[in-house]
Number of protein chains: 2
Amino acid sequence: MSSKPAIGFCGLGAMGFGMATHLIKSGYSVTGFDVWAPTLEKFKAAGGIPSTSLSESAKDKSFYVCMVATAQQAQEALFKEDGIVKALPQGATLLLCSTVPSAYAKSVGKELETVGRSDIFFIDSPVSGGTIRAADGTLSIMAGATPEAIEKGKVLLEVLSAPTKLFIVDGGIGAGSNMKMVHQVLAAIQILSVSEGFGFAARLGLNGKDVREKVIASEAWSWMFENRSMRTLSEDYFPGASAVGIIVKDTGIITSTARLLSFPAPLCTVAEQVYFSGIDRGWITHDDASLVRLWTSNPVSSIETTLSAEEKEAKLGLVIGLLAGIHFVAAAESIAFARHVGLPLPQLFELAAEAAGGSTMFKEFGTKMIAVLEGKSGEAADAKLVGDRLEKLKKAVEEAQAIKCPVYLGSSALNLLLQTEKDLGLASLLKLYA
Amino acid sequence: MSSKPAIGFCGLGAMGFGMATHLIKSGYSVTGFDVWAPTLEKFKAAGGIPSTSLSESAKDKSFYVCMVATAQQAQEALFKEDGIVKALPQGATLLLCSTVPSAYAKSVGKELETVGRSDIFFIDSPVSGGTIRAADGTLSIMAGATPEAIEKGKVLLEVLSAPTKLFIVDGGIGAGSNMKMVHQVLAAIQILSVSEGFGFAARLGLNGKDVREKVIASEAWSWMFENRSMRTLSEDYFPGASAVGIIVKDTGIITSTARLLSFPAPLCTVAEQVYFSGIDRGWITHDDASLVRLWTSNPVSSIETTLSAEEKEAKLGLVIGLLAGIHFVAAAESIAFARHVGLPLPQLFELAAEAAGGSTMFKEFGTKMIAVLEGKSGEAADAKLVGDRLEKLKKAVEEAQAIKCPVYLGSSALNLLLQTEKDLGLASLLKLYA
């Protein structure tokens, strides 16, 4: 055990605490910094060495993990006078695991040079997977850096991630954050689609339990739906497990980067406006599954269905058509954005299909979409598939209109599919983003 | 006076009452039907002949005006057993002035044949202009019919409309309703943009009076803004002058027709979802200007600006950039839809530029867009103009994101402009709708 290096750690929030204590369990000595005293107490109880000084937490540590909430926080923690970078020893390895804009990760690399610390092996390595996997050391990690830095940091990255879920992304610093960003395209859209689906279903008179059971077993499955819907049904919102504020932060990285790169991200853009309207209601710290309250103030699990079995089946079919249509376009939006920022598309597929962004639509159409973008597939063969999605989504949006139920994502996704009407090809859909 | 024919009239609502009483003032004998008794009392006091029987109101009337609220109401009033059509004399002229889907207007024409009443001269003639112009006989009217029916009905159409605002639309029955629909594309978007603009401005700390004054004098002017903003400032919402329910009905005609014809109408689609969310708040009978309450519960005219003169100017500039950007894309959406349904584009321009759909952006870019669609203009020359709009709108959307303020229309309009980034041409923008 004593051969394992001492590690410094900054940012013991829900994710960071799990990661840091997993490192302790794995036999590392971890010195943890956080601005919130009760967390430090808890960290000490878990076997960590608490520190109230950033420079102390970094002093003599050949490895350092920064897991703060935002780029602003990272910038201060890393570069202020008594911050991490100044205190790190020569040749230390620094992992930035926060979700930040790719441009910010790159700026850290540049600033390390500027301040004369190009000796530090810096790895842009955002993570995904939630608090349970953080504490288990089975996160997905998307790491971009020089080959030398990756070589240095690999041991730590491997401790924190599941065996098949460490993705070394080609492209150096910034590539990890880009990969996380395009994965979050799926997350940003699919988190809201959980609430839009349940909200639409409630307006149709469907009980939430029936909806969950049916959707999970259907082509409308998504990891987010399966995960969030438990909280929707039990109204486990305060605080729940993942706050509106968190996905808003990630959505903001997507849409601001998209604007910067002149990439249209229509569904993420719509999702962001709806998240803002949830924040306007005072829900920033509530679980993101609670956004179903934009559609109904009644618990969706208490709705008493008065529908006949046949009606119920038909209406559940509309909900599935809505969600699958949204997820289908979400897959296109994510993959097209990955292409736009120059990421390796098969790696995105491998990563997202089995991560929080996964959906049946992504799994079913993702490789086809990638083939189209890589020039390996004609569009004609897929026309019927796009047409199917369009027809099913159209039926759902028509019914929503008839009952005056907002379907922000569904109606916008349908508009994008309508733009492909000439040939209904995947290539036409993807071209909307090109 | 006695030479003027007797007229039957059905639907004495806010618009219909004004039209019917204007006909009385113009020397016609008008027999009016409505389901609501107090209206009939008022109609009698205004010199009309009230009737509680549809067939009585139609008997022996060589002219009949139907001005009910919806296609459903029209269908029942016209074709039920004791309805209008059965009671009309041979060769009567029937004006349907309600805003209905073009497909419905066409179905009336067909059904007249089916029931053996092809002797009736039927005119599809929706109106626009609001209650004051209805009562003044200065409405805009968009009339489609056979030349024979137009010839018969012209005298009445001229009494109801302003001299320069009677538009005989090529294309026969259905063309009038189509023209109204594409005009309402502008209305549906620009009514919501009033509230989005004031809401954004409120979040920026601007007083509503300053906003009104500045916007009206700027390139962000729209007829809707000038008209609605008076009610926004005085919170004249209950009932105000034009209910959320009315524009929702018209928006529904647009988006359902668009789906039917595979035309993407992205901004109208977004607007519709936001209207639905207003209805969810219980505002269906409130004035549409009251939608600003989605952004702020404080009266916008009572906001005390703490900004410096310079800051205030900069922030007013953002509001103008937001609105002008929305109106610019609204012009494209309306004109492209007109093209899609085969309407004469210069007539749309003439009509809308001086009607409730008018905006500085429509006036400035409408003829250029029409020229592009008619193949008379290259796109290259206009690239800078599109780029200007994009840059200004982008600044506004960026600021809205920074303060977590939803800008539903602005963000979607920006996405559409981003889709033209390759050449920033008007042709590229219009092609998104093709």
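Predicted, not measured: the structure shown is a model, and the values here were computed from it.

Draft legend 1. Local environment of the packing of helix α13 (residues 266–280) of chain A against helix α14 (residues 309–340) of chain A. Residue and element names in this part refer to chain A. Put simply, α13 and α14 touch, their axes get as near as 9 Å, and they point 115° apart. Facing P266, L267 and C268 of α13, the residues of α14 in contact are I326, V329, A330 and E333. Split into classes, the residues belonging to the contact of α13 with α14 amount to six nonpolar, no polar and one charged.

Draft legend 2. Up close: the interface of chain B and chain A. In this assembly, 42 residues from chain B lie in contact with 42 residues from chain A. Across the chain B/chain A interface, buried area totals approximately 3200 Å², and carbon plus sulfur atoms make up 53% of it. Of all residues in chain B, R259(B), Q401(B) and K404(B) bury the most surface against chain A, accounting for 22% of the area lost on that side. Viewed at the interface, chain A and chain B are joined by four salt bridges. Among the salt bridges present, the one from R259(A) reaches E398(B), with a minimum N-O distance of 3.6 Å. Run the count over chain B and chain A and you get 20 residue pairs in polar contact (both at pLDDT 80 or more).

Draft legend 3. The arrangement of empty space enclosed by the protein in detail. Applying the stated criterion to the full structure yields five cavities of 30 Å³ or more. Looking at the largest cavity, the residues that line it are P266(A), V270(A), S412(A), N415(A), L416(A), Q419(A), P266(B), V270(B), S412(B), N415(B), L416(B) and Q419(B). Only α13 and α18 (408–418) of chain A together with α13 (266–280) and α18 (408–418) of chain B provide two or more residues apiece to the lining of the largest cavity. Residues belonging to the lining of the largest cavity are distributed by class as follows: six nonpolar, six polar and no charged. As a volume, the second largest cavity reaches approximately 110 Å³. Lining the second largest cavity are 17 residues, and of these V397(A), S411(A), T255(B), R259(B) and T269(B) sit closest to its centre. Those elements that provide at least two residues to the lining of the second largest cavity are α17 (383–402) and α18 of chain A together with α12 (244–260) and α13 of chain B.

Draft legend 4. Focus on the sheet that holds strand β7 (residues 127–128) of chain B. Residues and elements named next belong to chain B. Strand order in the open sheet made by the three strands is β7-β8-β9, with mixed pairing throughout. Whereas interior strands pair on both sides, the edge strands pair on one side only; in this sheet they are β7 and β9 (161–168). Direction of pairing for β7 relative to strand β8 (residues 139–143): antiparallel, over a ladder of two bridges. Bridging from a neighbouring strand, V127 pairs with I141 of β8.

Draft legend 5. Spotlight on helix α11 (residues 223–234) of chain A. Residue and element names in this part refer to chain A. Among the residues making up α11, those that are buried are M224, F225, R228, S229, R231, T232 and L233. Contacts from the buried residues of α11 go to α9 (175–203), α10 (208–216) and α14. With its phi angle positive at about 50°, E235 sits one or two positions after the end of α11.

Draft legend 6. A look at unusual backbone geometry. Cis geometry is found at the peptide bond from F238(A) to P239(A), where omega equals 5°. As for its position among the elements, P239(A) is in the loop between α11 and α12 (244–260). We note that S262(A) has phi near 55°; this positive angle belongs to a residue other than glycine. Residue placement: S262(A) occurs in the loop between α12 and α13. For S262(A), a relative accessible area of 17% translates into the label buried. Residues other than glycine seldom take positive phi values, yet K404(B) does so here, at roughly 55°. Note that K404(B) resides in the loop between α17 (383–402) and α18. In this structure K404(B) comes out as partly exposed when scored by relative accessible area, which is 31%.

Draft legend 7. Seen up close, the relation of the copies chain B and chain A. For the pair chain B and chain A, the best superposition has an RMSD of 0.0 Å and corresponds to a rotation of 180° with a translation of 0.0 Å parallel to the axis. The relationship between the two copies is best expressed as a two-fold rotation axis. A symmetric contact is evident, with 100% of the interface residues of chain B recurring at the interface of chain A.

Draft legend 8. Inspection of the pattern of salt bridges at higher detail. On inspection of all chains with the given rule, the structure shows 27 salt bridges over all chains. Ionic pairing is found between K392(A) and E219(A), a salt bridge with its closest N-O pair at 3.9 Å. In this pair, K392(A) sits in helix α17 while E219(A) sits in the loop between α10 and α11, placing the two residues 173 residues apart along the sequence. With its nearest N and O atoms 3.9 Å apart, the salt bridge here joins E354(B) to K363(B). In this structure, a network of salt bridges that share partners links the residues E219(A), R389(A) and K392(A).

Draft legend 9. Region of the structure containing the sheet that holds strand β1 (residues 7–10) of chain A. Residues and elements named next belong to chain A. Across the sheet, six strands lie side by side as β3-β2-β1-β4-β5-β6; this open sheet has parallel pairing. The open sheet has two free edges, formed respectively by β3 (49–51) and β6 (121–124), since each of these has just one partner strand. Between one strand axis and the next, the sheet turns through 20° on average, direction left out of account. The pairing of strand β4 (residues 63–66) with strand β5 (residues 93–96) spans four bridges and is classified as parallel. Its bridge partner lying in β5, Y64 is registered against L94. Sheet contacts for helix α6 (residues 102–114): β5 and β6; angle to β6, the most-contacted strand, approximately 175°.

Draft legend 10. Inspection of the UniProt feature "domain: 6-phosphogluconate dehydrogenase NADP-binding" (unreviewed entry) in chain A at higher detail. With numbering aligned to this structure, UniProt lists the feature "domain: 6-phosphogluconate dehydrogenase NADP-binding" (unreviewed entry) at residues 7–162 of chain A. When the span residues 7–162 of chain A is considered, its composition is 47% helix and 21% strand, and the gap between its end C-alpha atoms is 20 Å.

Draft legend 11. The packing of aromatic side chains, seen in detail. Going through the model one piece at a time under the given rule, you end up with 16 aromatic pairs over all chains. Centroid distance F328(A) to F365(A): 4.8 Å. Interplanar angle 80°. Geometry classified as edge-to-face. Here F328(A), found in helix α14, pairs with F365(A), found in helix α16 (residues 360–373); they are 37 residues apart in sequence, far enough to count as distant. Here the two residues F328(A) and F365(A) agree in accessibility, since each one is buried. Residues W295(B) and Y408(B) carry aromatic rings whose centres are separated by 5.6 Å and whose planes lie at 70° to one another, so their mutual orientation is edge-to-face. Taken together, the positions of W295(B) in the loop between α13 and α14 (309–340) and Y408(B) in helix α18 put the pair 113 residues apart, joining distant regions of the chain. Relative accessible area serves as the criterion here: at 5%, W295(B) is assigned to the buried category. The rings of F263(A), F337(A) and Y433(A) are connected pair by pair, giving a single aromatic cluster. Between the NZ or CZ atom of K42(A) and the centre of the ring of F17(A), over which it lies, the distance is 4.5 Å.

Draft legend 12. Just the environment of M15(A), in detail. All names here are of chain A. Assignment of secondary structure puts M15 in helix α1 (residues 14–25). Separated by 113 residues in the primary sequence, M15 and S128 place their C-alpha atoms 9.4 Å from one another. With sequence-adjacent residues up to four places away left out, M15 is seen in contact with M67, V127, G130, T131, A134 and L139.

Draft legend 13. Structural detail: the pairing of β4(A). Residue and element names in this part refer to chain A. Both faces of β4 are covered, namely the face carrying F63 and V65 and the face carrying Y64 and C66. Inspection of the sheet shows β1 paired to β4 by four bridges, in the parallel sense. Bridge assignment links C10 to a residue of β4, and that residue is C66.

Draft legend 14. Here's a closer look at the domain arrangement of chain A. Residues and elements named next belong to chain A. Each domain of chain A was delimited in the assignment, giving domain 1 (7–173) and domain 2 (178–431). Each of domain 1 and domain 2 has a C-alpha centre, and the two are 32 Å apart. Each partner contributes to the interface: domain 1 provides 16 residues, whereas domain 2 provides 15 residues. Of the roughly 1400 Å² buried where domain 1 meets domain 2, counting both sides, 64% is carbon and sulfur surface. By the criterion of area lost to domain 2, the three top residues of domain 1 are T99, M142 and F167, representing 35% of everything that side buries. In this assembly, domain 1 and domain 2 are joined by zero salt bridges. Taken together, the links from domain 1 to domain 2 amount to seven residue pairs in polar contact (both at pLDDT 80 or more). Of all the secondary-structure elements, those providing two or more residues to the side of domain 1 that touches domain 2 are β7 (127–128), β8 (139–143) and β9 (161–168). Among the elements that take part in the side of domain 1 that touches domain 2, β9 stands out by supplying three residues, more than any other. Its residues assigned to classes, the side of domain 1 that touches domain 2 shows nine nonpolar, five polar and two charged.

Reading guide: rules and limits
Going along each chain's sequence as written, the residues are numbered from 1 onward. Here every chain gets a letter starting at A, and every ligand a number starting at 1, in the order they are written. For a predicted model such as this one, the threshold for reporting local features is a pLDDT of at least 70, and the threshold for listing and counting side-chain atom pairs is 80 or more; totals across whole chains, interfaces and linings nevertheless cover every residue. Just so you know, side-chain values use all the structure's heavy atoms and leave hydrogens and water out. To obtain an axis, a line is fitted to C-alpha atoms, over the contacting stretch when the element is a helix, and the angle between two such axes runs from 0 to 180 degrees between their N-to-C directions. Labels follow the DSSP assignment, with helices taken as runs of H or I lasting at least four residues and strands as runs of E lasting at least two, numbered in each case from the N terminus. Whether two residues are in contact is decided by their heavy atoms: any pair within 4.5 Å suffices. Note that Gly is not counted as nonpolar here; it falls among the polar residues with everything else outside the nonpolar set of Ala, Val, Leu, Ile, Met, Phe, Trp, Tyr, Cys and Pro and the charged set of Asp, Glu, Lys and Arg. Each of two parts loses accessible area, computed with a 1.4 Å probe, when they are put together; buried area is these two losses added. Here, a salt bridge means any side-chain nitrogen of Lys or Arg that lies within 4 Å of a carboxyl oxygen of Asp or Glu. Whenever two N or O atoms come within 3.5 Å, that pair is a polar contact, provided that in protein one can donate a hydrogen and the other can accept it, and provided that, for residues adjacent in sequence, both atoms are side-chain atoms. A cavity, in this analysis, means grid points on a 1 Å lattice covering only the protein atoms where a 1.4 Å probe fits yet has no way out; a pocket is instead an open set bounded by protein on both sides within 12 Å along at least five of seven lines, and a residue lines either one if it has an atom within 4 Å of a point. Grid points are joined across faces, edges and corners, and a volume is the space filled by probe spheres set on the points. One bridge is not enough; two strands pair if DSSP finds at least two bridges between them. The cut-offs for exposure are 20% and 50% of the maximum accessible area for each residue type, with area from a 1.4 Å probe on protein chains only; residues under the lower value are buried, those over the upper are exposed, and the others partly exposed. Copy-to-copy alignment: least squares on C-alpha atoms, limited to residues at pLDDT 70 or above in both. UniProt positions are given in the numbering used here, feature names are shortened, and annotations may be inferred rather than shown by experiment. We call Phe, Tyr and Trp rings a pair once their centres come within 6.5 Å, taking the six-membered ring for Trp, and we label the pair stacked below 30 degrees between planes, edge-to-face above 60, and tilted otherwise. Lysine NZ or arginine CZ positioned within 6 Å of the ring centre and within 35 degrees of the ring normal marks a charge as sitting over the ring. Reported domain spans reflect what an automatic or database domain assignment gives.

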